[in-house]
Amino acid sequence: MERRVPVATHWGSFVAVVDSGRLLRLEPRGDDPAPSPIGPGMVAAAEDAARVRHPAVRKGWLDGLPRGREGARGSDAFVEVSWDDALSMVSEELRRVRGQYGDSAVFGGSYGWASAGVFHNAQSQLQRFLALGGGYTDSRNTYSTAALEVILPHVIGGAPWSYQSRMPLWHEIAESCEFVVAFGGLALKNSQINPGGLARHRTRELQQRCRDAGVRFVNVSPIRSDTADFLDAQWVPVVPNTDTALMLAIAHTMLVNGWYDADFLARCCEGFDRFTSYLTGDGDGVVKDARWAAAITGVERDTIIDLSRRLFAQRSLVMVNYAIQRADHGEQPVWMSVVLAAMAGSLGRPGCGWGAGYATMDATGVAPGRRSVVSVPRVENPVTDFIPVARIADTLLEPGSTIDYDGQRLTLPHLRLIYWCGGNPFHHHQDLHRLTRAWQRPETVVVHEAWWNTTAKFADIVLPAATSLERDDFAAGFCDPHLVAMPKVREPVGEARTDHQIFAALSARLGYAREFTQGRSESEWVRHLYERTRADLRDGAVLPDFDDFWHRTLGVELPLLSGPFPGSFEALRADPQRFPLGTPSGRIEIFSAEIDSFGYDDCAGHPMWFEPVEWLRAGLADRYPLHLISNQPASRLHSQYDNGGHSLKSKIHGREPVTINPQDASSRGIESGMIVRVFNDRGSCLAGAILSDAVMPGVLQLSTGAWWDPSRPGRSGTLDRHGNPNTLTGDRGCSRLSQGPSAHSALVDIEVYEGPAETVLAFTPPHLEH
Ligand SMILES: Nc1nc2c(c(=O)[nH]1)N[C@H]1C(S)=C(S)[C@@H](COP(=O)(O)OP(=O)(O)OC[C@H]3O[C@@H](n4cnc5c(=O)[nH]c(N)nc54)[C@H](O)[C@@H]3O)O[C@H]1N2
Ligand SMILES: Nc1nc2c(c(=O)[nH]1)N[C@H]1C(S)=C(S)[C@@H](COP(=O)(O)OP(=O)(O)OC[C@H]3O[C@@H](n4cnc5c(=O)[nH]c(N)nc54)[C@H](O)[C@@H]3O)O[C@H]1N2
Ligand SMILES: [Mo]
């Protein structure tokens, strides 16, 4: 008998069709106007050969070889062990490391997206478990937006993510805006995703509504397809990582033509005069005019002047995506985009002004927020040490050294035990060969994974995790009003257990089971979190009781929040004295005395043009003349379900597709469908070529997330057979301010691959002994 069970994922809600415990297919729910094809492809991966079916321990680790020195992590065989033995090893190792080195030697930053689900949130479960056990070194900020998260509070005040509720929504843009300049574009492929889930994908129809209302869009990006065809956007191809120069020239053009809102700048902004002397070259003798920027950005002078004029003359909106700040000096374009909106006089006007991250997830610009949902209670971490999230390899390689971070001086801790649950650092981190070297240093690496992906292969103890289809939960996506029940679709594969079950069992061995579980079973927790959310509702909002909710395939709705929100630009414009921003001056900081006081050579008191370490006009471009854009994949979420049907279909001869402009291809003899090798001094990977003039000359596009497949795993520098761009990216902080990842600043070259046939083994488990 077929059963239909609701399923919630970061890429949308579906209905699973199950027969006698077997998952037959995933169907979109009927009310989603743009369901993601990633969902149906999950079936292929649910019980494939790559599943981790039993607890497993790396052979060298088990044999007690000198830990942290033998260098076999990533290439060793594994031995399957019983749950009992695995749990004993993990709990004893935690006890040993804490006793010998202190609690900060345990790294629990565990960055990663894991799966949708309020209760089974992998990072919350891990961090609750580690905090109760004495604490752990944490990580701060995200790979998504580290530079933005650190710079924005200095510039516009408020919490790092508060901009989400302070920027115009799509429907307001449609109603009131005429002209949108989108730095980095508005890639619809990215709005398949929403953290924590979503019921209905809205971004496409809302963009369409803007277009129908006559809003004109400009796509400033190296890739034309970063805006949907129906938007009919003006494409302004820009040399990657030069947006700040372009924005400075727009500001200069506005300044010299008097196309700026002097009143708003005087009343609501701090330090415009300091900034204009930089624009006019008072200090450095360089006038940041359109001619100057044309030579840097490749954007014609007339185009720059035209953009400047329209930004001021029309009701306008300046947008930045996230990718442009995942680069050397990534703070600058974000800061500068706010300055442009302030000059244009559009900040605080309906549907106009400034915003970030439109279309990077479905919620952005769709809703400003919703009533909060009660989640697993956080336990305060007794350890206060942290690292900026993308400085993990630095920390492992150089413990005890110091780095700058947002005005602080941090000493990198000595990590002895890494505990990862719900993330894939061997996909997400830059310069994976450097990470390979760093990863040999800790004494023990514990990973919970559902599949033998690269991070699992690089662990010492791998505990098989149940997937989101194999447990009860409910979903509440970011800014999405829907709560969706997630009853278990099928039993866990093999001996897999949920993260919570694993931590509950470990807590029992370590003597704090009661504190960890609070005496509740998993199903009691799920019911409890829902019922607490329901009980906390105010203002007449109601939710059905849990038993009713649990049987509703389409979920239930929580009220969305409506403004005004703290830090609103509308209020600031109306009365900056009464409604100051949370910055030191209470105004928008075009000049920040605080950042200036840090004395950084790579992030000064106002936005500036700094040459990226790697870009098309760098000396290195003589050897590596192509700029690599490693953007988000259309066919999956990061590395998740790379083994799913939808992602597998996108591969070329089993490799990740790389898109190249026909000009660059023909000079290298590359044709569509060929296997190519992409390389630089950091490494090389194979990929399958696609030729397209949607990618500007000088640029290569290779999405993230192909499971990394080094031909001699554990050995630095070997060829990645599958096509993970982090083989090639550099592991440098954006600047001393944010220390964010700078993945989008990498030069490479490409050639037809003529080496020996290399079988992709990314989806093949390591050698397993019983
Ligand atoms: N070059 C380059 N690199 C990048 C980026 C880029 O633009 N360019 N983008 C960066 C960005 S923005 C991000 S957010 C990161 C993403 O990096 P990650 O968030 O680390 O990537 P995911 O593939 O989502 O990894 C999630 C992992 O958790 C596992 N998992 C899922 N659910 C569960 C669960 O319930 N329990 C457990 N134990 N495991 C689970 C999945 O199998 C998967 O291996 O990548 C970053 N890396
Ligand atoms: N399908 C899908 N959607 C996703 C994700 C996914 O993995 N898959 N990941 C989600 C996550 S975690 C995040 S953080 C967001 C990320 O959202 P973003 O970071 O905004 O997305 P990307 O796809 O990395 O980049 C979008 C475009 O930015 C352009 N770009 C890159 N560098 C530059 C530059 O220097 N200048 C300019 N002007 N443009 C540049 C590239 O052409 C690229 O296609 O996406 C989310 N959405
Ligand atoms: Mo992200």
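Residues numbered from 1 in each chain as written. Chains lettered and ligands numbered in written order. Predicted model: local features only at pLDDT ≥ 70, side-chain atom pairs only at ≥ 80, totals over all residues. Heavy atoms only, no water.

Labelled according to an unreviewed UniProt entry, the protein chain appears under the name Biotin transporter BioY, originating from Streptomyces finlayi. Under the Cofactor (unreviewed entry) heading, UniProt states for the protein chain: "Mo-bis(molybdopterin guanine dinucleotide)". The annotation that UniProt attaches to the protein chain under Sequence similarities (unreviewed entry) is "Belongs to the prokaryotic molybdopterin-containing oxidoreductase family." (UniProt positions renumbered as here; feature names shortened; annotations may be inferred.)

The terminal C-alpha atoms of helix H3 (residues 83-101), which comprises 19 residues, lie 27 Å apart, in line with the 27 Å expected from a rise of 1.5 Å per residue. Taken as a whole, H3 has its buried residues at Trp-83, Ala-86, Leu-87, Ser-88, Met-89, Val-90, Ser-91, Glu-93, Leu-94, Val-97 and Arg-98. Two residues or fewer past H3, Gly-102 is found with a positive phi of approximately 95 degrees. (Helix = DSSP H or I, 4+ residues; strand = E, 2+ residues; numbered from the N terminus. Expected span 1.5 Å × (residues − 1). Buried < 20%, exposed > 50% of the residue type's maximum accessible area, 1.4 Å probe, protein only.)

So, about the pairing of strand S19 (residues 461-464). Here S19 shows two buried faces, one formed by Ile-461 and Leu-463 and the other by Val-462 and Pro-464. Note: strand S4 (residues 56-58) against S19, two bridges, orientation antiparallel. The partner of Ala-56 across the bridge, within S19, is Val-462. Where strand S18 (residues 444-449) meets S19, four bridges bridge the pair, whose relative direction is parallel. Bridge assignment links His-448 to a residue of S19, and that residue is Leu-463. (Pairing = 2+ DSSP bridges.)

Tracing the sequence through the fold places Glu-300 in the loop between helix H11 (290-297) and helix H12 (301-313). Overall, the relative accessible area of 57% leaves Glu-300 in the exposed class.

Right, let's talk about the pattern of salt bridges for a bit. Should their charged atoms come close, side chains of opposite charge can pair. Under the criterion given, the structure shown has 50 salt bridges. Here Arg-98 makes a salt bridge to Asp-103, at a shortest N to O gap of 2.9 Å. A residue is classified by how much of its surface remains accessible, and Arg-98, at 14% relative accessible area, is buried. The partner of Asp-261 in a salt bridge is Arg-573, and the shortest N-O contact between them spans 3.5 Å. With a gap of 312 residues between them, Asp-261 in the loop between helix H8 (243-257) and helix H9 (262-268) and Arg-573 in helix H22 (residues 569-574) connect regions that are remote in the sequence. Note on accessibility: Asp-261 and Arg-573 belong to one class, buried. The network of salt bridges with common partners includes Arg-29, Asp-31, Arg-200 and Glu-557. (Salt bridge = Lys/Arg side-chain N within 4 Å of Asp/Glu carboxyl O.)

Let's shift gears to the domain arrangement of the protein chain. Interfaces are often sized by the accessible area lost when the parts come together. For the protein chain, the assigned domains are domain 1 (56-141 + 388-478 + 482-557), domain 2 (152-369 + 568-592) and domain 3 (619-763). Here the C-alpha centroids of domain 1 and domain 3 sit 29 Å apart. Taken together, the contact between domain 1 and domain 3 spans 35 residues of the former and 35 residues of the latter. Both sides together, the interface formed by domain 1 and domain 3 hides about 2,800 Å², and carbon and sulfur atoms give 51% of it. (Domains from an automatic or database assignment. Contact = heavy atoms within 4.5 Å. Buried area = accessible area lost by both parts, 1.4 Å probe.)

Neighbouring ligand 2 are 30 residues; Lys-189, Asp-226, Asn-241, Asp-243 and Arg-326 lie closest to it. A distance of 2.7 Å is found between an oxygen atom of ligand 2 and a side-chain nitrogen or oxygen belonging to Arg-326. Starting from 910 Å² of accessible surface for ligand 2 in isolation, the protein chains cover 98%. Here the residues of the shell around ligand 2 are counted per class, giving 13 nonpolar, 12 polar and five charged. Each of domain 2 (152-369 + 568-592) and domain 3 (619-763) contributes no fewer than three residues to the shell around ligand 2. (Near = heavy atom within 4 Å. Polar contact = N/O pair within 3.5 Å; in protein donor to acceptor, adjacent residues only side chain to side chain. Areas by Shrake-Rupley, 256 points an atom, 1.4 Å probe, with all protein chains shown as cover. Nonpolar A, V, L, I, M, F, W, Y, C, P; charged D, E, K, R; others polar.)

Before going further, it helps to spend a moment on the site of ligand 1. The environment of ligand 1 is made up of 34 residues, and the closest members are Ser-115, His-428, Glu-449, Asp-499 and Ser-639. His-428 has a polar side-chain atom sitting 2.7 Å from an oxygen atom of ligand 1. Asp-499 places a side-chain nitrogen or oxygen 2.7 Å from a nitrogen atom of ligand 1. In isolation ligand 1 has 920 Å² of accessible area, and contact with the protein removes 97% of it. Taken together, the elements giving at least two residues each to the shell around ligand 1 come down to helix H15 (425-428) and S18. The residue inventory of the shell around ligand 1, partitioned by class, reads 10 nonpolar, 20 polar and four charged. Split by domain, the residues of the shell around ligand 1 number at least three in each of domain 1 (56-141 + 388-478 + 482-557) and domain 3 (619-763).

To continue, consider helix H18 (residues 499-510). Given a rise of 1.5 Å per residue, 12 residues ought to cover 16 Å, and the 16 Å separating the end C-alpha atoms of H18 matches this to within 8%. Buried within H18 we find Asp-499, His-500, Ile-502, Phe-503, Ala-504, Leu-506 and Ser-507.

Pairing is antiparallel across the open sheet formed by three strands, whose spatial order is S1-S2-S3. Each having just a single partner strand, strand S1 (2-9) and strand S3 (22-28) make up the two edges of the open sheet. Neighbour to neighbour, the strand axes of the sheet diverge by 30 degrees on average, direction disregarded. (Axes fitted to C-alpha atoms, helices over the stretch in contact; angles between N-to-C directions.)

The volume enclosed by the second largest pocket comes to roughly 650 Å³. Forming the walls of the second largest pocket are 34 residues, and the residues nearest its centre are Ala-187, Leu-188, Lys-189, Ser-225 and Ala-634. At the level of elements, helix H7 (203-212) and strand S25 (657-660) are the ones that each hand at least two residues to the lining of the second largest pocket. Residues belonging to the lining of the second largest pocket are distributed by class as follows: 13 nonpolar, 15 polar and six charged. (1 Å grid on protein atoms, 1.4 Å probe; cavity = no way out; pocket = protein on both sides within 12 Å on 5 of 7 lines; lining within 4 Å. Points joined across faces, edges and corners; volume = space filled by probe spheres on them.)

Under the criterion given, the structure shown has three cavities of 30 Å³ or more. Reported here for the largest cavity is a volume of approximately 90 Å³. Lining the largest cavity are 13 residues, with Asn-241, Thr-244, Asp-328, His-329 and Pro-333 sitting closest to its centre. Looking at the lining of the largest cavity, the elements with two or more residues in it are H8 and helix H13 (331-344). A class-by-class count of the residues in the lining of the largest cavity yields six nonpolar, five polar and two charged. Approximately 50 Å³ is the volume found for the second largest cavity. Lining the second largest cavity, in full, are Ala-8, Thr-9, His-10, Trp-11, Met-42, Ser-115, Ala-116, Ser-468, Gln-640 and Tyr-641. Here the lining of the second largest cavity is composed, by residue class, of five nonpolar, five polar and no charged.

So, on to the state of the cysteines. Per the stated rule, a full pass over the model turns up zero disulfides. Looking at Cys-210, it has no disulfide partner, and the nearest cysteine sulfur is the one in Cys-177, 8.0 Å off. (Disulfide = S-S within 2.5 Å.)

Attention now goes to the UniProt feature "domain: Molybdopterin oxidoreductase N-terminal" (unreviewed entry) in the protein chain. Mapped onto this structure's residue numbering, the UniProt feature "domain: Molybdopterin oxidoreductase N-terminal" (unreviewed entry) falls at residues 8-45. This span, residues 8-45, is 11% helix and 45% strand, and a straight line between its end C-alpha atoms measures 16 Å.

Let's shift gears to unusual backbone geometry. Cis peptide bonds are those with omega within 30 degrees of zero, and the linkage from Gly-563 to Pro-564 qualifies with -5 degrees. Of note, Pro-564 is situated in the loop between strand S22 (556-557) and H22. Its identity is not glycine, yet Ser-110 carries a phi of approximately 40 degrees, on the positive side. Mapping Ser-110 onto the fold places it in the loop between strand S6 (106-107) and helix H4 (122-132). One non-glycine residue, His-329, lies in the positive phi region at around 55 degrees.

What follows deals with the environment of Ile-502. Among the secondary structure elements, Ile-502 is positioned in helix H18. For Ile-502, a relative accessible area of 0% corresponds to the buried category. For the pair Ile-502 and Trp-83, spaced 419 residues apart in the sequence, the C-alpha separation amounts to 9.4 Å. With residues near it in sequence (within four places) discarded, Ile-502 still touches Trp-83, Leu-87, His-448, Leu-463, Pro-464 and Arg-497.

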